[in-house]
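Now for the letters of each chain:
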Amino acid sequence: TKHCLRIYSMEDESVGQQLNGGHLELDCKFDKVSICPCDKDKIALINASNVRIVTIKKTFSDYNEENLTVNAKFLMEMKPKKQQYENHIPGAFPPDSDVRICKYTWTPSGNLIVSTRGGQMCMIDGEEGYLTQTLVAQSAVTSMLMTKSHFYTSHVDGQIRLWRYRDTAFPLNRSNIP
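Residues numbered from 1 in each chain as written. Predicted model: local features only at pLDDT ≥ 70, side-chain atom pairs only at ≥ 80, totals over all residues. Heavy atoms only, no water.

1. Regarding the sheet that holds strand S10 (residues 131-136)
Item 1. Spatially, four strands are ordered S7-S8-S9-S10 in an open sheet, and the strand pairing comes out antiparallel. With one partner strand each, in any of the chains shown, strand S7 (101-106) and S10 form the two edges of the open sheet. Taking each pair of neighbouring strands and ignoring which way they run, the sheet shows an average axis angle of 20 degrees.
Item 2. Direction of pairing for S7 relative to strand S8 (residues 112-116): antiparallel, over a ladder of five bridges. Residue pairing across strands places Trp106 opposite Leu112, the latter belonging to S8. (Pairing = 2+ DSSP bridges. Helix = DSSP H or I, 4+ residues; strand = E, 2+ residues; numbered from the N terminus. Axes fitted to C-alpha atoms, helices over the stretch in contact; angles between N-to-C directions.)

2. Focus on the nonpolar core
Item 1. Among the nonpolar cores identified, the biggest contains 13 residues, and Leu5, Leu24, Leu26, Leu45, Val54, Ile56 and Met76 are the most heavily contacted of them.
Item 2. Contributing elements (two or more residues each) for this core: strand S1 (3-8), strand S2 (18-26), strand S4 (42-47), strand S5 (50-64) and strand S6 (69-79).
Item 3. Ranked by residue count, the leading element in this core is S6, at three residues.
Item 4. Once residues lying within four places of it in the same chain are set aside, the contact partners of Val54 are Leu5, Leu24, Asp41, Lys42, Ile43, Leu45, Met76, Glu77 and Met78.
Item 5. If you look at the next biggest cluster of nonpolar residues, it comprises twelve residues, including Cys36, Trp106, Ile124 and Leu131. (Core = buried A, V, L, I, M, F, W, Y, C linked by side-chain atoms within 4.5 Å. Buried < 20%, exposed > 50% of the residue type's maximum accessible area, 1.4 Å probe, protein only. Contact = heavy atoms within 4.5 Å.)

3. Quick notes on the pairing of strand S13 (residues 160-164)
Item 1. Where strand S12 (residues 150-155) and S13 come together, five bridges link them in antiparallel fashion. For His150, the partnering residue across the bridge sits in S13 and is Arg164.
Item 2. Where S12 hands over to S13, the hairpin turn is made up of four residues, of which Gly158 adopts a positive phi near 85 degrees.

Below you can see the structure in the form of structure tokens.
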């Protein structure tokens, strides 16, 4: 069974039609999709133990000289490539840890934070899809919320933790989050 991501039009005259270039073959099945709130052309595809970042770019390379029209074409790119995904941070996960992804949220700078059932919290670069940082929480995270100045997590042990972060941690404009 092949898995793929397809993008369809929402414009009035072509609602429901697949966009030109709006088809991307996937290397495995994904069961969750998350759109980056600060960039609608960036999405995360998530399954139990895997994350891929997909970027969508609109180009105007198809030019028809006969009727002088330009047809938009969409380029979709999945990062990292399957073979690159094996190169995560050495020692990031202890050999006996449960790395199934249970929760995720976007940062103001367009990176993705995911938590695993084993209690790891992982930062995934929103441009290239690489694992950039990991830390181990006191217990597994059951939900996450990012605000302008804090990061909140709730845990299976009943605790709610407040994480303060530096302005330099997420350098983009934070006015679009609560």
